[in-house]
2 protein chains.
Amino acid sequence: MSEVQDTEAAADAAPAAAGTAPAVRPHTGRRRNEAAHRAILDAALRLLAESDGTPVTIDAIARTAGVGKQTVYRWWPSKGAVLLDALTDRADQDVHGPDTGSLGSDLQAFIATTFEAAQRDTTASALRTVAREAARDPHLAELMRSFTAARRGALRELLARGCERGELAGEADLDLIADQVYGVFWYRFLLGHAALDADTAERLASSLTRGNAAG
Amino acid sequence: MSEVQDTEAAADAAPAAAGTAPAVRPHTGRRRNEAAHRAILDAALRLLAESDGTPVTIDAIARTAGVGKQTVYRWWPSKGAVLLDALTDRADQDVHGPDTGSLGSDLQAFIATTFEAAQRDTTASALRTVAREAARDPHLAELMRSFTAARRGALRELLARGCERGELAGEADLDLIADQVYGVFWYRFLLGHAALDADTAERLASSLTRGNAAG
DNA sequence: TGTTTGCCGAGACTGTTAGTCTTGTCAAGC
DNA sequence: GCTTGACAAGACTAACAGTCTCGGCAAACA
C-alpha cells in the first residue's frame, strides 16, 4: 500500500536521444528516510487507536511522528491513504478462510475470527475511525472498497467449497450470504447496538447454513 | 423531529413567587416565520437529492431557501438535524410492517418495500448523504440511531408475529435476523457493489425464513 | 573537499465549512 | 409609538486538508 516511488528502477534505461525527452539519470541527492515512514505509520496507528471518535488530523500525525507535514504527503497521497495503510500495515493482507472440510464449522470459525479481530482494543477504534473518514473521503472510500472486497472474496471461496461439497443448494446466492455476514458485522460494529460475540457468530453461521442448505 | 421551541406553551404557568426565577410572561415580539421553516426543509431536501456525494453545506441551504444562516440555527441545533429532518419530514414516521398472516410473505414484502423505497431517485442520494454526514456528526449519528431503531423495531414485531404463529423456532434470535436484513441493506446501499432488487429481497427473505424455521 | 541534488522538519499559507456574533430592519402586541 | 424578538445579510472564529517555502543536511560524484 505504501506509495514509495522508485526512481532508481528506471536508472538503467538507455539515455534519451538528443533533442527528445530529458535523459533518465540515476538517483542523486538524499534518500528517503525509512525511519520517518515507520514513525508516521506508528503515530497514525496510535492516534487511531486512541481516538475517541474525533477525526485524526494530519497535523497531529506529523507532530506525533516528529515529522514535517510535507513528509507525510511525500509518502502518501492523502490522509485517508495514511490511515488505511496504518490499519492494514500489520494485518494479514492475504485473508485465508479455514478449511476443516465442513461448511458449518468453517463458516462459524471465519465469522468468529472476523468478529474477534475487530474487537481487539487497538483495532476497534482504529477501524471505526477509518470507516468514518471513508464516508467523507472518496479516495479512502475506494481503498476501503478494495479492502472489503478482498475479505468478501475469501468468504465467498469458503462458501464455494461448501457448495461443491453439496452442503449448500446449487442455486444459493453466495454473494448474498457473504453480504449477510459482513452486513451484520458492519451494521453492528458501527451502530454498536448489539454484541458481536462468539455466540452471535455461531447463531449466524447456523442460520445461514440451514437457510441455504441443499434439498 | 422539528426542534421548534414552544415559548407559548408555558405561558399559562402560575407566576413565579417574588424573589425566585423571573416570571413566565406571554410571548411578545415578531413570531417565527413558518414559511422560512418550510423553505429551509425544502431547500435541504432538494440539495440532498441533487448532491453528487459532496456534502451539503448550511450556507447553500440558507442561500437556496433565501434565508439567513441564523434562521436555520434558530430552528435546528445543527446541520445534521436539518438534514435528517428534511429526509424524514415526508416519510411515514410510524413504520408498520405488512400483516398477511404468513411470515414468508410478510418478510419478503417488508424487505422489498425497504429496498425499493431507498432506491427512489430523490431518496437514495439524500439517504446516502445523510449517512455520510452521520459518520462525522455525533449529533446526527444519535438521530440516525433512533431513526434506524424505529425501523428495526417494526421488523422485529413482524418477526415476533411469525414466532408466535410457530413459523420461527422459539430460540430464534429475532434481533440477529433483523440485523441481517438491515445489515445487508446498508452494506449494499453504501458500498454499492451489488443490487438491492426484488429478487434479492425474495432470496433474503426465504433464506432467513428457512434458516430460522421451527423444527 | 566541494558541489549538486533532493529529502528533511518547521511552519506559514490557502480554501472550505460549521457555527457564532453583529447590525439594521420589520412585524406583533401593548 | 414603544418594546420585543424574529428576520436577512454577512462578518467573524476555529478547524482542518492540502500546498508552498525555507534553511538544513545527507548522499553521490567530481
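Please refer to the structure placed before this passage.
Small disclaimer: the values here were computed from a predicted structure and weren't measured. (Residues numbered from 1 in each chain as written. Chains lettered and ligands numbered in written order. Predicted model: local features only at pLDDT ≥ 70, side-chain atom pairs only at ≥ 80, totals over all residues. Heavy atoms only, no water.)

### Points about the overall build of chain A
Link 1 in the chain: The helix and strand inventory of chain A stands at nine helices and zero strands.
Link 2 in the chain: Out of the 215 residues in chain A, the part that is buried amounts to 43%.
Link 3 in the chain: Counting contacts in chain A only where the partners sit at least 6 residues apart, residues at least 24 apart contribute 70% of the total.
Link 4 in the chain: Carbon and sulfur atoms form 51% of the exposed surface of chain A, whose accessible area is close to 10800 Å². (Helix = DSSP H or I, 4+ residues; strand = E, 2+ residues; numbered from the N terminus. Buried < 20%, exposed > 50% of the residue type's maximum accessible area, 1.4 Å probe, protein only. Contact = heavy atoms within 4.5 Å. Areas by Shrake-Rupley, 256 points an atom, 1.4 Å probe, with all protein chains shown as cover.)

### Considerations on the interface of chain B and chain A
Link 1 in the chain: At the junction of the two partners, chain B supplies 32 residues and chain A supplies 34 residues.
Link 2 in the chain: Broken down residue by residue, the surface that chain B buries against chain A is led by R136, Y187 and R210 of chain B, which jointly contribute 22%.
Link 3 in the chain: On the surface where chain B and chain A come into contact, there are six salt bridges.
Link 4 in the chain: We note a salt bridge from D179 of chain A to R188 of chain B, for which the minimum N-O separation is 2.5 Å.
Link 5 in the chain: Across the chain B-chain A interface, the total number found is 15 residue pairs in polar contact (both at pLDDT 80 or more).
Link 6 in the chain: Among the elements that make up the side of chain B that touches chain A, the one with the highest residue count is helix α8 (residues 174-191) of chain B (11 residues). (Buried area = accessible area lost by both parts, 1.4 Å probe. Salt bridge = Lys/Arg side-chain N within 4 Å of Asp/Glu carboxyl O. Polar contact = N/O pair within 3.5 Å; in protein donor to acceptor, adjacent residues only side chain to side chain.)

### Description of the pattern of salt bridges
Link 1 in the chain: All told, the structure shown has 33 salt bridges over all chains when counted by the stated rule.
Link 2 in the chain: As a salt-bridge pair, D89 of chain B and R38 of chain B come within 3.1 Å of each other at their nearest N and O atoms. A residue pair is termed long-range when its members are at least 10 positions apart, and D89 of chain B in helix α4 (residues 79-89) and R38 of chain B in helix α1 (residues 34-50) qualify at 51 residues.
Link 3 in the chain: Relative accessible area serves as the criterion here: at 32%, R38 of chain B is assigned to the partly exposed category.
Link 4 in the chain: One connected set of salt bridges, linked through shared partners, spans D99, D106, R161, R165 and E167 of chain A.

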